[in-house]
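Architecture at a glance
Chain residues, written in single-letter form:
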Amino acid sequence: MIGAGDMLVIAIDGPAASGKGTLARRLADHYGLPHLDTGLTYRAVAHALLIEDLSLDDERLAEQVAEALDLGALDRDRLSEYGVGEAASRVAVMPAVRRVLVEKQRTFASTPPGAVLDGRDIGTVVCPEADVKLYVTASPEARALRRHQDAPEVSYDDVLADIARRDARDMGRTDSPLKPADDAHLLDTTEMDIEAAFQAAKSLIDDRLATRT
Ligand code: CDP
């Protein structure tokens, strides 16, 4: 897919349950690239504090946890638990935590042959020089329905309220707020299934690759 020795970095951003994670995994698989779900790095910091019953508001402590984090040891199943996302968005407002995690994420992205990274600030902060930037979104109602289907133990109304709270926190924070990079391609998946989103993203990336050769 990519020539020998070529680097390819694909940055995917978007709000909670927009479908960016599934899309990122499909693209990584298709282009033979490593994938990093950067949300898991914020979730890992929050989870480590939660299981020790430590404060989620102590920036120095959260920074130390972030420093000790090994990107190779992220346990997706444990970290994907519903409540961890909300706690992650609380530690994600802390500049000291972001500084440490962004550094680790950049090292991952800059290692040949490149990578697919998904999160909130990949195109704007982590990899501003990415070859392709996608901003994946969907209506809050469509996102709430998807998340409710993944976690049926939480009511649709509670999921919708949680999504609204997280959108506000992620878009409203001072350090690295969630927003599309100026040169990002917008992909609204409200009416799209995974396959349609994958095909749309693939055609944008293939166009970009064609201009490199
Ligand atoms: O999977 P979901 O969309 O619910 O969330 P996630 O991608 O796992 O991210 C959890 C939280 O981490 C988000 O609500 C953000 O507050 C934060 N995050 C961030 O600030 N920057 C990133 N690059 C990735 C996640």
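Our structure is the block above this text.
Below: a short report on this structure.

Thresholds, definitions, all that
- Counting of residues starts from 1 at the beginning of each chain's written sequence and follows it residue by residue.
- Residues qualify for local features only when their pLDDT is at least 70, as the model is predicted, and side-chain atom pairs are given and counted only at 80 or more; totals for whole chains, interfaces and linings, by contrast, use all residues.
- Hydrogens and water are ignored here; the side-chain numbers use all heavy atoms of the structure.
- Two strands make a pair as long as DSSP finds a minimum of two bridges between them.
- Here a helix means four or more residues in a row that DSSP labels H or I, a strand means two or more in a row labelled E, and each is numbered from the N terminus.
- Where helices are involved, their axes are fitted lines through C-alpha atoms of the stretch in contact, as for all axes, and angles between N-to-C directions lie from 0 to 180°.
- Here a residue-residue contact requires only that any non-hydrogen atoms of the pair lie within 4.5 Å.
- Working definition of a nonpolar core: buried Ala, Val, Leu, Ile, Met, Phe, Trp, Tyr and Cys residues. They are joined through side-chain atoms within 4.5 Å.
- Summary of the burial criterion: residues with accessible area below 20% of their type's maximum are buried, those above 50% are exposed, and those between are partly exposed, where the area comes from a 1.4 Å probe applied to protein chains only.
- Multiplying one less than the number of residues by 1.5 Å gives the expected span of a helix.
- Polar contacts, as counted here, are pairs of nitrogen or oxygen atoms within 3.5 Å of one another; within protein the pair requires one atom able to donate a hydrogen and one able to accept it, and residues that are adjacent in sequence qualify only if both atoms are side-chain atoms.

Some points on the sheet that holds strand β4 (residues 132-137)
Remark on secondary structure: sheet strands pair via backbone hydrogen bonds, oriented parallel or antiparallel. Spatial ordering of the open sheet is given by β2-β3-β1-β4-β5, a layout of five strands whose pairing is parallel. Because the sheet does not close on itself, it has two edges, and the strands there are β2 (35-37) and β5 (185-188). In this sheet, adjacent strand axes meet at a mean angle of 20° when their direction is disregarded. The strands touched by helix α1 (residues 20-31) are β1 (8-13), β2, β3 (114-119), β4 and β5; relative to β3, the strand with the most contacts, the crossing angle is about 175°. Packed on one face of the sheet, helix α6 (residues 95-109) meets β1, β2 and β3 and runs near 145° to β3.

Topic: the nonpolar core
In terms of nonpolar packing, the biggest core is built from 32 residues, with Val45, Leu117 and Cys127 touching the most fellow members. Those elements giving two or more residues to this core turn out to be β1, α2 (38-51), α3 (59-68), α5 (82-91), α6, β3 and α7 (122-126). With six residues, α2 is the largest single contributor of residues to this core. Discounting residues that sit within four places of it in the chain, Cys127 has contacts with Val9, Ala109, Leu117, Ile122 and Lys133. If you look at the next biggest cluster of nonpolar residues, it comprises 19 residues, including Ile12, Leu23, Val132 and Leu187.

A closer look at α2
Since the α-helix advances by 3.6 residues per turn, residues separated by three or four positions end up pointing in the same direction. For α2, which comprises 14 residues, the first-to-last C-alpha distance of 20 Å matches the rise-based estimate of 20 Å (1.5 Å per residue) to within 8%. In terms of burial, α2 is largely enclosed, as 10 of its 14 residues are buried. Buried within α2 we find Thr38, Leu40, Thr41, Tyr42, Arg43, Ala44, Val45, Ala46, His47 and Leu49. At the N-terminal boundary of α2, the capping side chain belongs to Asp37, with an oxygen 3.0 Å from the backbone nitrogen of Gly39. Once α2 ends, the next one or two residues include Asp53, with phi positive near 60°.

Notes on the pairing of β4
When you tally the buried positions in β4, you get five out of six residues, the bulk of the element. Where β1 meets β4, four bridges bridge the pair, whose relative direction is parallel. By the bridge assignment, Ala11 is partnered in β4 with Lys133. In the sheet, β4 pairs with β5 via four bridges, with the strands oriented parallel. Pairing of Leu134 across the sheet is with His185, part of β5.

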